[in-house]
Amino acid sequence: MDIAKWIDENLKPESCTSDKFIYNDLDSQSCYSLPVIYVPFDSSNKSHWADRGCLYDFLYSVNGEGKKILDFGPGDGWPSLIIAPFVEEVIGLDSSPRRVEVCSENAKRLNISNARFLSYVPGTNVPFEDNTFDGIVASSSIEQTPNPREIIKELYRVLKPGGKLRVFYEALNEYKDGEENDIWINPIDDNSCMLIIYFRNIEEEYADQYALTLNISSENLTEILSSNGKPSYRDITIEFLENIKAKITSSRICRTIHPTGKTYSAWMRSAGFKEVHPTHSGRVVAGRLYD
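Residues numbered from 1 in each chain as written. Predicted model: local features only at pLDDT ≥ 70, side-chain atom pairs only at ≥ 80, totals over all residues. Heavy atoms only, no water.

1. Quick notes on the sheet that holds strand S3 (residues 89-94)
Strand order in this open sheet of five strands is S4-S3-S2-S5-S6, and the pairing throughout is parallel. For this open sheet the edge positions go to strand S4 (115-119) and strand S6 (159-168), each flanked by a neighbour on one side alone. Across the sheet, the mean angle separating the axes of adjacent strands is 20 degrees when strand polarity is ignored. Running over the sheet, helix H3 (residues 46-61) touches strand S5 (133-139) and S6 and is turned about 160 degrees from S6. Contacts between helix H5 (residues 97-109) and the sheet are confined to S3 and S4, with S4 contributing the most and set at about 170 degrees to the helix. (Pairing = 2+ DSSP bridges. Helix = DSSP H or I, 4+ residues; strand = E, 2+ residues; numbered from the N terminus. Axes fitted to C-alpha atoms, helices over the stretch in contact; angles between N-to-C directions. Contact = heavy atoms within 4.5 Å.)

2. Things to note about the pairing of S6
Bridge count between S5 and S6: six bridges; the pairing is parallel. Across the sheet, Val137 pairs through a bridge with Arg166, a residue of S6.

3. Notes on the nonpolar core
Ranked by size, the top nonpolar core spans 25 residues in total, and within it Ile37, Ile69, Trp78, Leu81, Val90, Ala115 and Phe117 carry the most contacts. Listed in part, the 24 residues of the second largest apolar core include Val126, Ile136, Ile142 and Leu159. (Core = buried A, V, L, I, M, F, W, Y, C linked by side-chain atoms within 4.5 Å. Buried < 20%, exposed > 50% of the residue type's maximum accessible area, 1.4 Å probe, protein only.)

4. Side note on H5
Spanning 13 residues, H5 covers 18 Å between terminal C-alpha atoms, matching the ideal 18 Å at 1.5 Å per step. Turning to H5, its buried residues number three or more, namely Arg98, Arg99, Val100, Val102, Cys103, Asn106 and Ala107. Of the surrounding secondary structure, the elements contacted by the buried residues of H5 are helix H4 (80-83), S3 and S4. Positive backbone phi, approximately 60 degrees, marks Asn111, located one or two places after H5. (Expected span 1.5 Å × (residues − 1).)

5. Topic: the pattern of salt bridges
One pass over the structure, following the stated rule, counts 13 salt bridges. Salt-bridge contacts for Arg98 lead to Glu101; the nearest nitrogen and oxygen are separated by 3.0 Å. Taken together, the positions of Arg98 and Glu101, both in helix H5 and three residues apart, correspond to about one turn of that helix. One salt bridge connects Lys153 with Glu150, and the closest N-O pair in it is separated by 3.3 Å. Separated by three residues within a single helix, Lys153 and Glu150 lie in helix H6 (residues 148-158), roughly one turn from each other. Among the charged side chains, a network of salt bridges with common partners joins Asp27, Arg98 and Glu101. (Salt bridge = Lys/Arg side-chain N within 4 Å of Asp/Glu carboxyl O.)

6. Some details on a nonpolar patch on the surface
A cluster of nonpolar side chains, Val36, Phe41, Trp49, Leu289 and Tyr290, forms an exposed patch at the surface whose accessible area comes to about 450 Å². Tracing the backbone shows Val36 in the loop between helix H2 (18-21) and H3. (Patch = residues over 30% accessible without salt bridge, like charges linked within 9 Å, V, L, I, M, F, W, Y side chains within 5 Å. Areas by Shrake-Rupley, 256 points an atom, 1.4 Å probe, with all protein chains shown as cover.)

7. So, unusual backbone geometry
In the segment running from Trp78 into Pro79, the intervening peptide bond is cis, with an omega of 5 degrees. Mapped onto the elements of the fold, Pro79 is located in the loop between strand S2 (68-72) and H4. In the Ramachandran plot, Lys12 falls in the positive-phi region, its phi being about 45 degrees despite a non-glycine side chain. Take Lys12: it is sitting in the loop between helix H1 (3-11) and strand S1 (14-15). With a phi angle near 60 degrees, Asn111 is a residue other than glycine that sits in the positive phi range. One can find Asn111 in the loop between H5 and S4.

8. A word on H6
Among the residues making up H6, those that are buried are Pro148, Ile151, Ile152, Glu154, Leu155 and Val158. Seen along its axis, H6 keeps its buried residues to an arc of 160 degrees; they face one direction. Buried-residue contacts for H6 involve S2, S5, S6, strand S10 (248-257) and helix H9 (261-271). (Arc of directions from axis to C-beta.)

9. Some details on the pairing of S5
Among the seven residues in S5, seven count as buried, and that is most of the element. Pairing geometry for S2 and S5, over four bridges, is parallel. Its bridge partner being in S5, Phe72 is matched across the sheet by Ala138. Taking the sense of rotation as the criterion, the β-α-β connection linking S5, H6 and S6 turns out right-handed. (Right-handed = clockwise from strand over helix to strand, strands pointing away.)

10. Topic: the state of the cysteines
Applying the stated rule across the entire model yields zero disulfides. No disulfide involves Cys254; its nearest neighbouring cysteine sulfur is the one of Cys16, lying 5.7 Å away. Judged by its relative accessible area of 3%, Cys254 falls in the buried class. (Disulfide = S-S within 2.5 Å.)

11. Thoughts on the sheet that holds strand S8 (residues 192-201)
Read across the open sheet, the five strands follow the order S1-S10-S9-S8-S7; overall the sheet is mixed. The open sheet is flanked by S1 and strand S7 (181-189), the only strands paired with a single partner. Relative to strand S9 (residues 206-214), H1 is tilted by about 50 degrees, and along the sheet it contacts S8, S9 and S10.

Set out below in structure tokens:
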């Protein structure tokens, strides 16, 4: 019996969308590491340079200066809050009420008044009139929706004629040579954690994610899984799951669709976008500039 089948048969995981799967449970998606939003910009830190490269990538890709911008899936307020000083208004839209709350708190703390955040029900139309935004940015968020193709149509609908959509996305073809399946341990508090197990189907462009909540600390779970402190998917066995079953308090499953660039291009043209261009990443370019 494989791992996914064991979980399905023994834990009967609840099927849910990504907001209920994990994002409502996170006080910070970035572990409070985002420059400007959580920590001061550090010119000696390469990752901060890369982040600034992303800022200018998003801002200028959508011709955002002085315009009304939609940030679809802002997470902790990124890039909404760092592009806000350069635009007339930015609205962040997220299906997770907790993400909206966090973004709004961060905006208030940073004294940013031209950014606001709204939630919507996943699987429904976005709550804006046609031709509302001059530009739209979306960072690894479209593939977190139940139907990415429909979201692309919605983003096209609310984009003004001549407006631009800048998308960063997570395709699955980067996970190869045994990396299709892996795990992540997310601490909840001192006595509980979440074990997330990823099963990626590269050819069919989807990923099944299982979240197991356990009444055990992340440190203890890490020790149980691996003696060297670096647990991996290879440590997940039926025997391990049987041993921790009594400590599992809840289980969820979420399937996300991860289109390749080719699929994205076809969907965007079908939605009505006149041109679709692959581009260099501002993050990568800034990182190389730093070196």
